[in-house]
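A structural walkthrough
For reference, the chains in residue letters:
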Amino acid sequence: VILITDRLGSKPMFVWHNDRALIASSRLDAAICEDIVRKRLSRQGLTELLIYQRTVASQTQYSDIESMTASQIWVWENGALSKQTARKLAWVKPDFSKADAAEGLACALTRATERRLSDPVRHGLLMSGGLDSRTVLAAAHRSGKPLSCATISAWENMEVDLARQSAEMTGADFKLYTCVPERLAAAIKPSTKASDGLFSAPVNIYASLPDIARNYDVMLSGHGLDYTLRGYYLPCRTLKLAGSTTRLPRLRPIQNGTPETIANSLRVGISPAIAKQILKPSFAAELDTRRITAMEAALANVEIEDDYNGWDAFILHSLGRHYAYSDFVAIEEVIHHRAITFDPVIFDLYLSMPPAWRAEGKVAHDSMSQINPDLMRLADANTGFSARYEFSKQIFLILMRAILRRSGLIKRPALPDPSFTHGSWMDAANLFRHNKTWRALALSLPNDPILNAMGLFRQDGLQFVVSNHMDGTANHKKLLMQLLTLSSWFAEHPFDEVGA
C-alpha cells in the first residue's frame, strides 16, 4: 500500500498500523471506529492543541494514530511502514526586481483565478471587506469570468458594506448570510467533527454552510495571501502608541531562527504560561519541552537558509494543519473550496520573494492595484482607510486615529450588541462574556466531565481562567474555545487511557 500527500499537505490522511493490518483514512473518526485501534490520549498531541491550536507534524490527539504531512510517501509492505519525504519546502533568491514581481504576480493571480473558474459549476467567493478576497474578485473580473460573492456576518456592518460595494463595482451578485451567536454555538459539535477535532471548532463559516451550499457548488477564497505574499506571521517591528499596538512593515532583528526562538515568538496559539495555569504540575512541567519538540518536528522537512523564513516554514509545513485553514478543512464535507494562493505559479513566486519584501507588502499591494485600481480606492476593512494607500501611510493614519480616540476627539463606531464586531468574524471574547448561550458554555468548563476525566487539568485552574475572562481581567477566548472543542470531540470519540 502506497500513501502519498501533495507538496503542501492540503488534505488530511490518518494512518494506523501494526505488523498485520493497516488503516488509512481521510477522516479521523473513520480510523478510530475499528476495535483493533487503541484510543490512547496523546499528551504530545494535547500539548500541541493547547499551545498551537492544532497538532503538529505527524501527531494527532491519539498516540497510536499518525497524520501525514506535506510531500510524504509512506509504503506499507509485509507489515512494515517506511516513510520518505518526496520534496522539501524551500525558498530561493529572486532573479527579478520588486517591480517585475508585482507585474508577474498580477498576471499570476489573474491566471490562477481564471483556471479555478473554468468548469461549468456554480462558483462563489467568500467575500470580506479585506484585500485578499477583493483581489480574487478583481482577478475574476479582469479575466471576464462571472463570480458571485457571499459574505457572512451577524449584522449589516462596515465590512459587509465594503464587500457589497466591491461586488457592485465589478457587476457581481452579492449575498449576505446572517449568522447569529446561537447558531455559531450550535455549530461547535458538527464543525469539530468535520475538522477531526484537530483545531478549535471552526464555527465561523461552518454555521452558514447549509445556506451557502444551496446556492454554490464551489467556493473560492483569498485565504493565505496575507501570510504568504504579505508576510503576516513574519517577525516584524511593532509600535505602541496611545494604547494601540501596530505591526510595522519592517522585519525586526532576531537572534536566530531556531525552533525554540520561533516557538517562543510565533503570533499564534495560546500562551504557555496561561496553559500551565490549568494543567496539573506533572503535565505543566513537560509543556515547554513538548512544544519545542513539536516545532523541531515541523521544521525537520523544510529547507531554511534565511532565519526569517522559519516563521513561515512552521505555518506552511503542512497546509491542512494550519489553524487558520481549519475552516476550509471543515467545509469540504459540504462544499468544495479553492484557494488561489496555493496555485503553483503564485506559490512559487512567493517562494522567490525575500522575507523583507513580504513584510513590506509593496509587491502584493502594487499587483492588486494593477489588477483593479478602482477596487483599491475603497477602504481596507482592516484599517478603514483607502486601500490605495501603501502600508506605511496606512500605519501613520492608524496611529493618528488612535491618538484622536485616546484624546476623546473622535469615538469608535457604536455596535448594536457588545458581542458583535465591525468585521465578518465573531468576537469570541465578548460572546463568552455577554451572550447567554456562550456564557453558559464557558461557565460549564470547570465542571466538564470530559476534561476532568483526562486527569491532566486542574479544576481550580479552569475556574481561575474562566473567571478572569468573564470579569474582563484577561482575554482567554482561544483557550476557552480549545477546551470546548476538546470536550466536544472526546464526548463523541472517547479515549481509552492517557498515553505518551
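Quick caveat: nothing in here was measured; it's all calculated off a predicted structure.

Next up on the list: the sheet that holds strand S9 (residues 123-126). Sheet architecture is open: five strands sit in the order S11-S10-S9-S12-S16, paired in parallel fashion. Each edge of the open sheet carries a strand with a single partner, namely strand S11 (174-178) and strand S16 (336-339). Neighbour-to-neighbour, the strand axes of the sheet open up by a mean angle of 30°, direction not taken into account. With five bridges connecting them, strand S10 (residues 148-153) and S11 associate as parallel partners. Directly across from isoleucine 152, in S11, lies its bridge partner tyrosine 177.

Glancing now at the nonpolar core. Nonpolar side chains in soluble globular proteins tend to be buried together. Core analysis: the largest hydrophobic core is formed by 142 residues, its most contacted members being Phe314, Phe342, Phe432, Met454, Phe457, Leu483 and Leu486. A total of eight residues in this core trace back to one element, the largest contributor, which is helix H25 (residues 477-492). Excluding residues within four positions of it along the chain, methionine 454 makes contact with Leu41, Leu46, Leu486, Phe490, Phe495 and Val498. Counting six residues, the second largest nonpolar core, distinct from the first, contains Leu3, Met68, Trp74 and Leu81.

Relative to the helices and strands, tryptophan 357 resides in helix H17 (residues 355-360). Judged by its relative accessible area of 15%, tryptophan 357 is buried. Taking the C-alpha atoms as reference, tryptophan 357 lies 35 Å from leucine 176; in sequence the two are 181 residues apart. If we ignore the near neighbours within four places in the chain, the residues touching tryptophan 357 are Pro94, Phe96, Ser97, Lys98, Ala101, Lys362 and Val363.

On to the pattern of salt bridges. Taken as a whole and assessed by the stated rule, the structure comprises 29 salt bridges. In this structure, arginine 38 and glutamate 497 form a salt bridge, with 2.5 Å as the shortest nitrogen-oxygen distance. Of the two residues, arginine 38 sits in the loop between helix H1 (28-31) and strand S4 (40-41) while glutamate 497 sits in strand S17 (residues 497-498), which places them 459 residues apart along the sequence. A relative accessible area of 35% places glutamate 497 in the partly exposed class. Aspartate 119 is paired through a salt bridge with arginine 338; the nearest N and O atoms lie 2.7 Å apart. With aspartate 119 in the loop between helix H3 (98-116) and S9 and arginine 338 in strand S16, this pair connects stretches of sequence that are 219 residues apart. Assessed through its relative accessible area of 25%, aspartate 119 is described here as partly exposed. Note on arginine 338: relative accessible area 22%, which makes it partly exposed.

Rules behind the numbers
Residues numbered from 1 in each chain as written. Predicted model: local features only at pLDDT ≥ 70, side-chain atom pairs only at ≥ 80, totals over all residues. Heavy atoms only, no water. Pairing = 2+ DSSP bridges. Helix = DSSP H or I, 4+ residues; strand = E, 2+ residues; numbered from the N terminus. Axes fitted to C-alpha atoms, helices over the stretch in contact; angles between N-to-C directions. Core = buried A, V, L, I, M, F, W, Y, C linked by side-chain atoms within 4.5 Å. Buried < 20%, exposed > 50% of the residue type's maximum accessible area, 1.4 Å probe, protein only. Contact = heavy atoms within 4.5 Å. Salt bridge = Lys/Arg side-chain N within 4 Å of Asp/Glu carboxyl O.

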